[in-house]
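Coordinate analysis (summary)
Each chain, letter by letter, is given below.
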Amino acid sequence: MKPLQPVTAQARISYGIGFFALFVAAWAIATLGGFVPKLFLASPITMVEEGWQLMTVHGFAFDIAITIWRVVGGFVLAAIIALPLGIMMGAYKPIEAFFEPFVSFARYLPASAFIPLLILWAGIGETQKLLVIFIGSFFQLVLMIAVAVGGVRRDLVDAAYTLGSSDRSVVTRVLLPNAAPEIAEILRMVLGWAWTYVIVAELIGSSSGIGHMITDSQALLNTGQIIFGIIIIGLIGLISDFLFKWANQHLFPWAAR
Amino acid sequence: MSKLSIEAVGKLFPARGATEPTRALTPTTLAIAANDFITILGPSGCGKSTLLRIVAGLETASEGRVLLDGQPVMGPGADRGMVFQSYTLFPWLTIIENIAFGLRERGVSERERRDVARSWAERVGLKGFENHFPKQLSGGMQQRTAIARALANDPKILLLDEPFGALDNQTRALMQEMLLGIWEREQKTVMFVTHDVEEAIFMASRVVVMSARPGRIKADIAVDLPHPRPYTIKTSSDFVALKERLVEEIRVEVVGMH
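Source: prediction; values computed, not measured.

Thoughts on the overall build of chain A
Within chain A, the regular secondary structure consists of 10 helices and zero strands. Secondary structure elements of chain A occur, N-terminal to C-terminal, as α-α-α-α-α-α-α-α-α-α. At 23 Å, chain A has a C-alpha radius of gyration far larger than the 18 Å of a compact globule built from 257 residues. When the backbone C-alpha atoms are referred to their principal axes, chain A occupies close to 75 × 55 × 30 Å. Within chain A, the fraction of its 257 residues that count as buried is 35%. Long-range pairs, those at least 24 residues apart, make up 71% of the contacts in chain A with a sequence separation of at least 6.

Some thoughts on the overall build of chain B
Each helix and strand in chain B was counted, giving eight helices and 10 strands. Taking 18 Å as the expected radius of gyration for a compact globule of 258 residues, we find that chain B reaches 18 Å, a close match to that expectation. Overall, chain B is about 50 × 45 × 40 Å in size when its C-alpha atoms are taken along their principal axes. Evaluated residue by residue, chain B yields a buried proportion of 45% over its 258 residues. Intrachain contacts of chain B at a sequence separation of at least 6 include 71% that bridge at least 24 residues.

Here we look at the pairing of strand 9 (residues 206-210) of chain B
All names here are of chain B. Of all five residues in strand 9, four are buried; the element is thus mostly enclosed. Looking at chain direction, strand 9 and strand 10 (residues 217-222) are connected through five bridges and run antiparallel. By the bridge assignment, Met 210 is partnered in strand 10 with Ile 217. If you look at the hairpin formed by strand 9 and strand 10, you'll find six residues sitting between the two strands.

Focus on the nonpolar core
Proteins that are soluble and globular tend to have nonpolar side chains buried together. In terms of nonpolar packing, the biggest core is built from 132 residues, with A:Leu141, A:Val142, A:Ile145, B:Leu41, B:Val55 and B:Met191 touching the most fellow members. Looking at which element gives the most residues to this core, the answer is helix 6 (residues 126-150) of chain A, with 16 residues. Composition of this core by domain shows at least three residues from each of domain 1 (4-79 + 155-257) and domain 2 (89-154) of chain B. Not counting chain neighbours up to four residues away, the residues in contact with B:Leu41 comprise B:Thr194, B:His195, B:Val197, B:Ala200, B:Val207, B:Val208, B:Val209, B:Met210, B:Leu246 and B:Ile250.

Some words on unusual backbone geometry
Negative phi values dominate among residues other than glycine, just as trans dominates among peptide bonds. The linkage connecting B:His227 with the following residue, B:Pro228, adopts the cis geometry, with an omega of -5°. A positive phi angle is found at A:Leu221, which is not glycine, with a value near 55°. Take A:Leu221: it is sitting in the loop between helix 9 (210-219) and helix 10 (223-251). Residue A:Leu221 is classed as partly exposed on the basis of its C-beta count, with 13 C-beta atoms lying within 10 Å. One non-glycine residue, B:Asn35, lies in the positive phi region at around 65°. Here B:Asn35 lies in the loop between strand 2 (22-32) and strand 3 (37-41).

Notes on the sheet that holds strand 4 (residues 63-68) of chain B
Hydrogen bonds between backbone atoms are what pair the strands of a sheet, whose relative direction is either parallel or antiparallel. All names here are of chain B. Here we have four strands laid out as an open sheet, ordered 2-1-4-5, and antiparallel in their pairing. Two strands bound the open sheet, and with one partner strand each, they are strand 2 and strand 5 (71-72). Sheet topology note: the strand 1 (residues 4-13)/strand 4 ladder contains five bridges and is antiparallel. By the bridge assignment for strand 4, Leu 4 is matched with Leu 68. Contacting strand 1, strand 2 and strand 4, helix 1 (residues 48-56) runs over the sheet at an angle of about 120° to strand 1.

Some points on the domain arrangement of chain B
Residue and element names in this part refer to chain B. Assigned domains within chain B: domain 1 (4-79 + 155-257) and domain 2 (89-154). Relative placement of domain 1 and domain 2: their C-alpha centres are 25 Å apart. Contacts between the two partners involve 12 residues from domain 1 and, on the opposite side, 13 residues from domain 2. Here the side of domain 1 that touches domain 2 gets five residues from one element, more than from any other, and that element is helix 6 (residues 169-186). Each residue belonging to the side of domain 1 that touches domain 2 can be placed in one class, and the counts come to 11 nonpolar, one polar and no charged.

Definitions and limits used
Residues numbered from 1 in each chain as written. Chains lettered and ligands numbered in written order. Predicted model: local features only at pLDDT ≥ 70, side-chain atom pairs only at ≥ 80, totals over all residues. Helix = DSSP H or I, 4+ residues; strand = E, 2+ residues; numbered from the N terminus. Rg over C-alpha atoms; globule rule 2.2 N^0.38 Å. Buried ≥ 20, exposed ≤ 12 C-beta atoms within 10 Å, placed from the backbone. Contact = placed C-beta atoms within 7 Å. Pairing = 2+ DSSP bridges. Core = buried A, V, L, I, M, F, W, Y, C linked by C-beta atoms within 7 Å. Domains from an automatic or database assignment. Axes fitted to C-alpha atoms, helices over the stretch in contact; angles between N-to-C directions. Nonpolar A, V, L, I, M, F, W, Y, C, P; charged D, E, K, R; others polar.

Take a look at the structure:
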């Protein structure tokens, strides 16, 4: 192997699948070979059986749908407010000076620590779940969008001014299109983080969703179901990531690396 | 009356902490006649770019004022087109959209924008590349686009800040001929900053030589070489004599700094 030498597309795919296979094989040997007690870790075969049971008998598809709805709902709410605020902060330094210290502070408040408080305020219904996602993603989004917008090359702004741009059109015709691919990338990343918050929110005071199923299965010592739930989350994450990447490539062909 | 008059314009960068304020430009006075091609020649860091940026309105003068057609310059505007040394095309716009950027700011109709931009793309030799993105073009082609973008706005004066500084020698020579050809045809007032003596002479109807920092004008030399100027003129005896004189002027400055 030479440092930084690229691999072909085919090799890349087979290597990637190779590790998945190796991982499942190690898991199968550990469980089916009797090295790990069944009580602690279900075998891949049990996991698939349990998963099938979940989908066909227990209506797990509904739980998946409700979890997706919560993540997307809370995330979209956060993005709707974070986008204009982040853009304003990135473009106008006094606005940034006003909000940035507080947002930087709020960003480190763990969303999961708000759950007891949010249950007190909003009950254990959907509002509470959405609020957890909102708190978890909003402050991150604002800060990162502000940095993306403010990170424009100074000479591009100078060029726009010498071409007759007004202050307003420097924001709309230079700062925004310049930051757009990075903002899309930020949305993709933070959506991934929102997935961790939703499961935590569903572990406490919930009667539906993937997280709720996982707590229920823990009470029944059904590790097969737990692992199936975790794998489903991974798969959804992978799919949404792929969709975002695909959309970005088509929306911003000029930025492709 | 001159097209552009620079009246005792100076620049002082304010003190930072314990350091003294730095003088980048001693008060400088310079008048540029309509349709003149002035090159500002000086060693690196002599304040020539600062002077150009003050004329563009991108920096404020610490003293003095700049008048364009008798009107004081207050900030950047479309009447002073600028080409930068760095590649400043908007990467998200195609070549034709980049050239039309200023026209769109002025609210020119889409049809007219396309016509003007196409015609400029052709005049700078970019026919066939209209729908490419900047990153698909070489450095020389990007600077051609930047020149077309500035000229499509039909500015009163074209300001260029070492526009060919990052290009290789062959490309640079081609770009000089192209820009000179445009100037000969279109009749524009041009202010061109460079540290390259040959470039300064080849392009100019007048070379203004600046001293090392803090910058001031130390020579103002008319170039009476005939137009149109083919690149072969660079080996003519008049050209070589002028070059020797200017090299000496600059050398004194650079030696003085070390």
